[in-house]
Amino acid sequence: MKKILLVIEREFLTRVRKKSFIIMTVLTPILFAGLMVVPALIATMEDKNERHIAVVDDTGIFEGKIPETEYLKFSFLEDVDVDDLKETFHESNYYAVLYIGKMVATSPDAVVLYSNKQPSIDITSHISSALKNEIESQKLLAYDIENLDEILSSIKTSVRVRTVKWTKDGEAKESSTELAMGMAYILSFLVYMLIFLFGTQVMRGVIEEKSSRIVEVIVSSVKPFQLMMGKILGIAAVSLVQIVLWIVLTFGLVTAASTLLLSSGSDKMSQETVTSLMEQQGASQVVPAEVADNSFVNELMTALSNVNFVLIIGGFIFFFIGGYLLYAAMFAAVGSAVDNEADTQQLVMPITIPLILAIIVMVSGLRSPDGSISFWFSMIPFTSPIVMITRLPYGVPTWELILSGSLLIITFIAITWLAGKIYRTGILLYGKKHTWAEMWKWIRYSS
Amino acid sequence: MNILTTSNIEKRFANHLALDDVSVTVPEGSIYGLLGPNGAGKTTLIRIVNQITGPDKGQVEFMGRPIKADDIYSIGYLPEERGLYKKMKVGEHALYLARLKGLSRNDALKKLKYWFERMEIQGWWDKKIEELSKGMAQKIQFVVTVIHEPKLLIFDEPFSGFDPINANLIKNEILDLKKNGATVIFSTHNMGSVEEMCDHITLINKSKNILSGPIDKVRLDYGSNVFELAFKGQVDEVTIALDGNYEVVSHKEDAGIVKAQVKVHQFSTDNRLLKQVIPVAEVVGFKQVVPSMNDIFIQVVQEYNKAHGHK
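What counts and what doesn't
- Residues numbered from 1 in each chain as written.
- Chains lettered and ligands numbered in written order.
- Predicted model: local features only at pLDDT ≥ 70, side-chain atom pairs only at ≥ 80, totals over all residues.
- Heavy atoms only, no water.
- Helix = DSSP H or I, 4+ residues; strand = E, 2+ residues; numbered from the N terminus.
- Buried < 20%, exposed > 50% of the residue type's maximum accessible area, 1.4 Å probe, protein only.
- Contact = heavy atoms within 4.5 Å.
- Areas by Shrake-Rupley, 256 points an atom, 1.4 Å probe, with all protein chains shown as cover.
- Core = buried A, V, L, I, M, F, W, Y, C linked by side-chain atoms within 4.5 Å.
- Arc of directions from axis to C-beta.
- pLDDT = per-residue confidence, 0-100.
- Expected span 1.5 Å × (residues − 1).
- Bend = angle between axes of the 7 residues up to and from the residue.

1. Remarks on the overall build of chain A
Across its full length, chain A holds 15 helices and six strands. Classification of the 447 residues of chain A by burial places 42% in the buried group. In chain A, the share of contacts with a sequence separation of at least 24, taken over all contacts with a separation of at least 6, comes to 71%. When the accessible area of chain A is evaluated, it comes to approximately 24,200 Å², of which 65% is carbon and sulfur surface.

And the structure:
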C-alpha cells in the first residue's frame, strides 16, 4: 500500500510539473471564458460606425419603409441611375448602394446591394426582412380587407412552452428543456473527451516505461498490478486537479472579464443593443417581444436555480472517474502489448468503438432521455459514463442511477483485474506486436 | 549456508517450456555465475527469484525458508533490460527507486549521498536522465541496485554498456560487496569475468541445468584429459615412446624447450605418462591444462545439443 502511494506520487508530480500541464490548465479556461465572453463583447461592440446606404428605388414604394437603426441610415435618391453611382461611389460617403428593381414583388433577384466591401449578414438580413414585410403588407392591402391593421396585430402570437417539473412531494419546479439539453450536451461531451485524453495518457505512460526499459527495474520492487494501478490512480488525481482548476479558473475569468469589460458604462450600451436588435427584428409592428424575451430569461434563471448542482457535479465526477478507470485499465493493457505508440492503433480500435457508440447514443438521448435506447446504454458500463451524464440534467430515477453506478463499479473492477493480467505479461515482452487473441491467452496464465 | 535454493522449477509459456526441472543452490557469500546461451531461460529463472513471475512447479527458498513477498527488500536486481525515466532528474529518480525498495526518505538520501560521492557523480543530482550518456545511466542503475544493502544481488549482464574503466570499477564494487558479506548472482556472456570473479557456476541450456558446481572443480573436471609437457629433446622420440593411451595433439618449440599438449584417452592416477617420457627427454615442466570457461561453455552446450538432437 505504501508503495502504491509512492507510484501515485511520482505519476502525479511528474505530470503536474510538466510545462504542458501548466499551459493546458491555463489556456483551456482562457479558451472557455473567451468562448463565453467574446460573443457578448462582440454584440456590444458591433456596428458602432454609422453607415449610410444610398437607395435607388425603381418601384418608388419603399421610401421610409426601411426602418433605420442607430448605426444604419438610408437615403433614398431620386432620378439617379445605379451605373452613375458606380462611377462616383468611391468618392461618396456611402457604405453601400441598394438597388430595388421593379420586379421586386415577383422576382427574388430584383434587389441588389452594391458595395466595395462585403456587407455583413446583419445588414443584408435587416434589408431583406424589411422589404419582405413591406411587400407582404402591400400584397395584403391589395386584398382590401377592412381593419387589416387590427387583424394583423391581433393574430400576432408568440408561443413558448414552459416546462414545469412536478416532484414527488407535490412541488412544482420550473425547469428548462434548453438548459437541460445544453448541460447534457456539454457535460457528456466533456466526459468523452476527458476519458480519451487521460486514458491515452495512461497508455503513453505504460509505453514509455516499456520503451525506456525501466519497467523491469520497477517490478522487482513493486507488483506489476500495483505499478499499473498507481499509474491509473496518479493520472486520475491529475485529471481531477485539472478539472477543478479549469472550473475555478473559467468562472474566475468569466466573472473578471464580464465585470471589467461589460459593466463599465456598457450596461446602457448592451441595453441599447438589445433594443436596437429588437427594432430590427420587430420591424414596424409593435410586438410584445420585450416581454416575451424577459420572461424567457427569468424562466432560465429560475430553472438554473432549480438545477440540482450537487447531483449533477457529483454525477459528473462519479461517472467520469468510473468511466476513466474502466477505460484506463484497457488502455494500460494495450500499452503493455506494444513497444511504441505507432503500433497501438489497431489494438485501440475495440476500445474506442463503445466510446464512439456512446456519443452517437448521446445525440439521440438529448431528444428522448427516457427512451429505451438511452435507458439501456446508460446501464451498459462501457457507455453509461457518457449516456448517463446525458440523461442526468433531465432527471433520472434514483434506482437507475444506483444500478448503473454499481454496474460500472463491478465492471471496472473486473476489467482492471483482467487488464492487470495482460499487463503483467505484456510489459516484459519485447520486440513483437501482440494481438488481442494473444492477450487473451495471457489472461489465462497463472501468476 | 545456502542463501538461495531453487528446486525443480518448471515454467511454461504459451508454446514453450522456459524452465524444465531447474535446481540451483547458491551458497551464502559467494559469487555465482549463471551462464547459458541466449534464450536458455536464465532471465526467466532470475525473474522467478525476484518474484516478478511465479513458477508453475517447484519451490524457491531464501535463507533456508520458502521465499516471501517481503524478501524483495533483501534482494537487489539489475536487469539486462534496464532503463530510467528520461524526464526525471537523477536525484529524485534515485530517491524514488530507493524508496520503492523500502528505505525511508531520510535513509535513502543519506545512502545516496554516500554512494554518489563514492562513484564521483555528486554533480549529477539535478541533471535530467536524458542528458546522461549510457555509461553514466548505468552507474546510477548500479547505485540504486545496491542502495538498500541487500543480502542477495542479482546482476544480469552488468558490464554491457560500460567502457573498460567503468567496467573495472563496477567489477571492483561487486568484489567489495562480496567482501562485505553479500551474495552475488550474475549472468553474463563474458567468460573472462566469470573465470575472474565467480566461485560457483550453473550452465543453463535449453531450459535445463546442464552443469553446476564450484568453478575450479568444473574447470578441472573438463581439463582432466589434457596435459602440457615441457621438455628438452626431440618431439618424435617422445611420440614414439608413448603408448596408445597418449597422443601428442600439438607442440611448439621455443629456445630449445618443446611444449607439447598431450591428450590422455583413458585417465589413470599413476605417473605412467611421465614414466614413458623420462627415458627419452629431460622433463622441465608438467601440468594439467585447465580449459577456459569459454571452451567448457562451447563444448558442453554443443555436446548436449548433439546428444538431444538439437541443432
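2. Remarks on the nonpolar core
Tyr324 of chain A together with Phe155 of chain B are the most contacted members of the largest nonpolar core, which has 163 residues in total. Among the elements that take part in this core, helix α10 (residues 309-336) of chain A stands out by supplying 16 residues, more than any other. Of all hydrophobic cores here, the second largest spans 18 residues; its members include Phe62, Tyr95, Ala96 and Ala110 of chain A.

3. Quick word on helix α15 (residues 436-443) of chain A
Residue and element names in this part refer to chain A. Those residues of α15 lying buried are Glu438, Met439, Trp442 and Ile443. One face of α15 carries all of its buried residues, which in axial projection span an arc of 155°. If you follow the buried residues of α15, they end up packed against α10, α11 (344-367) and α14 (398-426).

4. Topic: the environment of cysteine 198 of chain B
Residue and element names in this part refer to chain B. The topology assignment puts cysteine 198 in the loop between α6 (191-197) and β9 (200-205). Using a relative accessible area of 5% as the deciding quantity, one classes cysteine 198 as buried. Separated by 23 residues in the primary sequence, cysteine 198 and leucine 175 have C-alpha atoms spaced 9.9 Å apart. Setting aside anything within four residues of it in sequence, one finds cysteine 198 in contact with Ile31, Tyr32, Gly33, Phe186, Ser193 and Ile215.

5. Quick look at the confidence of the model for chain B
Residues and elements named next belong to chain B. The pLDDT averaged across chain B works out to 88; a share of 98% of its residues lies at or above 70. By mean pLDDT, helix α7 (residues 215-223) is the weakest element of chain B at 81, and helix α2 (residues 90-100) is the strongest at 94. Listed scores for the predicted complex are pTM 0.75 and ipTM 0.80.

6. What to know about α11 of chain A
Spanning 24 residues, α11 of chain A covers 35 Å between terminal C-alpha atoms, matching the ideal 34 Å at 1.5 Å per step. At proline 350 of chain A, α11 of chain A shows its maximal bend, which comes to roughly 40°.

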